[in-house]
Amino acid sequence: MTDNLLIAIIAACGLVISAIFVLGGAIFAYMVSNNLLDKIERTLKLIQGDMRQWSEQILRIRAHVKID
């Protein structure tokens, strides 16, 4: 493999990685500008509350059922 081909491959990989980071930044900026992060946070808090209740129910069931 020649040196020029190796340099071209490395440059292409760098370009792809840079494009991925730019796209990720653009998606993040879009989400921030439309307050989507706040909506996601509220949804996650609801899920967390539901999971807490589910966990408490599991513990109550375990208290009534003998597990060997």
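**Q** Would you explain a nonpolar patch on the surface in this entry?
**A** Nonpolar side chains collect at one region of the surface, where F28, V32, L37, I40, L44, I47 and M51 lie side by side and expose about 630 Å² of accessible area between them. Of all elements in the fold, only helix 1 (3–33) and helix 2 (36–64) reach the threshold of two or more residues within the nonpolar patch. Looking at the nonpolar patch element by element, the count peaks at five residues for helix 2.

**Q** Please explain the packing of helix 1 against helix 2 as it appears in this structure.
**A** In a pair of packed helices, the angle between the axes and the distance between the axes together describe the arrangement. At a minimum axis separation of 5 Å, helix 1 and helix 2 run at an interaxial angle of 80°. Between helix 1 and helix 2, the angle is such that the two are roughly perpendicular. Residues F28, Y30, M31 and V32 of helix 1 lie in contact with helix 2, whose contacting residues are L36, L37 and I40. Each residue belonging to the contact of helix 1 with helix 2 can be placed in one class, and the counts come to seven nonpolar, no polar and no charged.

**Q** Can you help me understand unusual backbone geometry in this one?
**A** Excluding glycine, a negative phi dihedral is what most residues carry, and trans is how most peptide bonds are arranged. Positive phi values are uncommon outside glycine, yet N35 reaches one of about 55°. On the basis of relative accessibility, which here comes to 46%, the residue N35 falls in the partly exposed class.

About the criteria used
Residues numbered from 1 in each chain as written. Predicted model: local features only at pLDDT ≥ 70, side-chain atom pairs only at ≥ 80, totals over all residues. Heavy atoms only, no water. Patch = residues over 30% accessible without salt bridge, like charges linked within 9 Å, V, L, I, M, F, W, Y side chains within 5 Å. Areas by Shrake-Rupley, 256 points an atom, 1.4 Å probe, with all protein chains shown as cover. Salt bridge = Lys/Arg side-chain N within 4 Å of Asp/Glu carboxyl O. Helix = DSSP H or I, 4+ residues; strand = E, 2+ residues; numbered from the N terminus. Axes fitted to C-alpha atoms, helices over the stretch in contact; angles between N-to-C directions. Parallel < 35°, antiparallel > 145°, perpendicular 65-115°, else oblique. Contact = heavy atoms within 4.5 Å. Nonpolar A, V, L, I, M, F, W, Y, C, P; charged D, E, K, R; others polar. Buried < 20%, exposed > 50% of the residue type's maximum accessible area, 1.4 Å probe, protein only.

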